[in-house]
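# Coordinate analysis (summary)
Letter by letter, the chains look like this.
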Amino acid sequence: MPNDQTALDARLKRVLRFMPAPLGIVTSFDPESGAPVGLAMSALMPVCLDPPAMAICVNRSGSAHDAMMRAGRFCINLLQAGQDGHVRPFADPAAREMRFRQDDWRQHVHHAHEGLWYIDKAPAAIFCTIRENVRFGTHDLLVGEVDDLITSGSDDIVGWANGSLYRPTPIC
């Protein structure tokens, strides 16, 4: 059995590839220019309901990291079937110029989150203010207190597993 760190990293990456996870487009903005930033991620999860909070993991070398940290806010956009066209521009650096070009992007007008972009009619747009930052390895674990939530009423949420988008279905 391999015991060096590289082999462990490769084995863990393979396991994580098959582990289903929600998929979100996480957005923020550069407070200096007002330009929107974002990334596709499956490293997101609820933390607690009192106070309502969500956690995301952001690579410190990623293009959205520094602006998101300066803004102190982010929005998790959960996707439904038919909104998968949002994924590639945020997951593939070669498609970066297509970000925020779909006609269903809106800017939030709530005072605490003015300037944050969200996807209209997404199952959920979860607006958070960063309250905690835990640095670990190459990433920052950001805990955001949920300040606002826009929902479409849909529970058809797209996830990510085995390198592909999927729709969870009940087995019982």
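That block above? That's the structure.
The secondary structure content of the protein chain amounts to 3 helices and 12 strands. Its C-alpha atoms give the protein chain a radius of gyration of 16 Å, near enough to 16 Å, the size a compact globule of 172 residues would have. Dimensions of the protein chain, computed from C-alpha atoms along their principal axes, come out at roughly 55 × 40 × 40 Å. Residue burial in the protein chain is summarised as follows: out of 172 residues, 39% are buried. Relative to all contacts within the protein chain whose residues are 6 or more apart in sequence, the contacts with residues 24 or more apart total 60%. A total of about 10,000 Å² of accessible surface is found on the protein chain, and carbon and sulfur atoms cover 57% of it. Charge separation in the protein chain, taken as the distance between the mean sites of 16 positive and 20 negative side-chain charges, equals 7 Å.

With that settled, consider the side chain of His108. In this structure, His108 sits in the loop between strand 7 (105-107) and strand 8 (117-119). Judged by its relative accessible area of 7%, His108 falls in the buried class. At 2.8 Å, the side chain of His108 and the side chain of Asp148 are in polar contact.

The next thing to look at is the sheet that holds strand 11 (residues 159-161). If you trace the 3 strands from one edge of the open sheet to the other, you get 1-11-12, paired in antiparallel fashion. Both outer strands of the open sheet, strand 1 (21-22) and strand 12 (164-166), are each paired with one neighbouring strand and no more.

Our next topic: the packing of aromatic side chains. One pass over the full model with this rule turns up 5 aromatic pairs. Ring geometry for Phe90 and Phe100: centres 5.2 Å apart, planes at 85°, overall edge-to-face. Here Phe90 is found in helix 3 (residues 87-91), whereas its partner Phe100 is found in the loop between helix 3 and strand 7, with 10 residues between them in sequence. Look at Phe100 and you get buried, because its relative accessible area is 17%. Ring centres of Phe100 and Trp105 lie 4.7 Å apart, and the angle between their planes is 50°; this geometry places the pair in the tilted category. For Trp105, a relative accessible area of 6% gives the class buried.

Procedures and definitions
- Residues numbered from 1 in each chain as written.
- Predicted model: local features only at pLDDT ≥ 70, side-chain atom pairs only at ≥ 80, totals over all residues.
- Heavy atoms only, no water.
- Helix = DSSP H or I, 4+ residues; strand = E, 2+ residues; numbered from the N terminus.
- Rg over C-alpha atoms; globule rule 2.2 N^0.38 Å.
- Buried < 20%, exposed > 50% of the residue type's maximum accessible area, 1.4 Å probe, protein only.
- Contact = heavy atoms within 4.5 Å.
- Areas by Shrake-Rupley, 256 points an atom, 1.4 Å probe, with all protein chains shown as cover.
- Lys, Arg positive; Asp, Glu negative; His and termini not counted.
- Charge placed at Lys NZ, Arg CZ, Asp CG, Glu CD.
- Polar contact = N/O pair within 3.5 Å; in protein donor to acceptor, adjacent residues only side chain to side chain.
- Pairing = 2+ DSSP bridges.
- Phe/Tyr/Trp six-rings, centres within 6.5 Å; stacked < 30°, edge-to-face > 60°.

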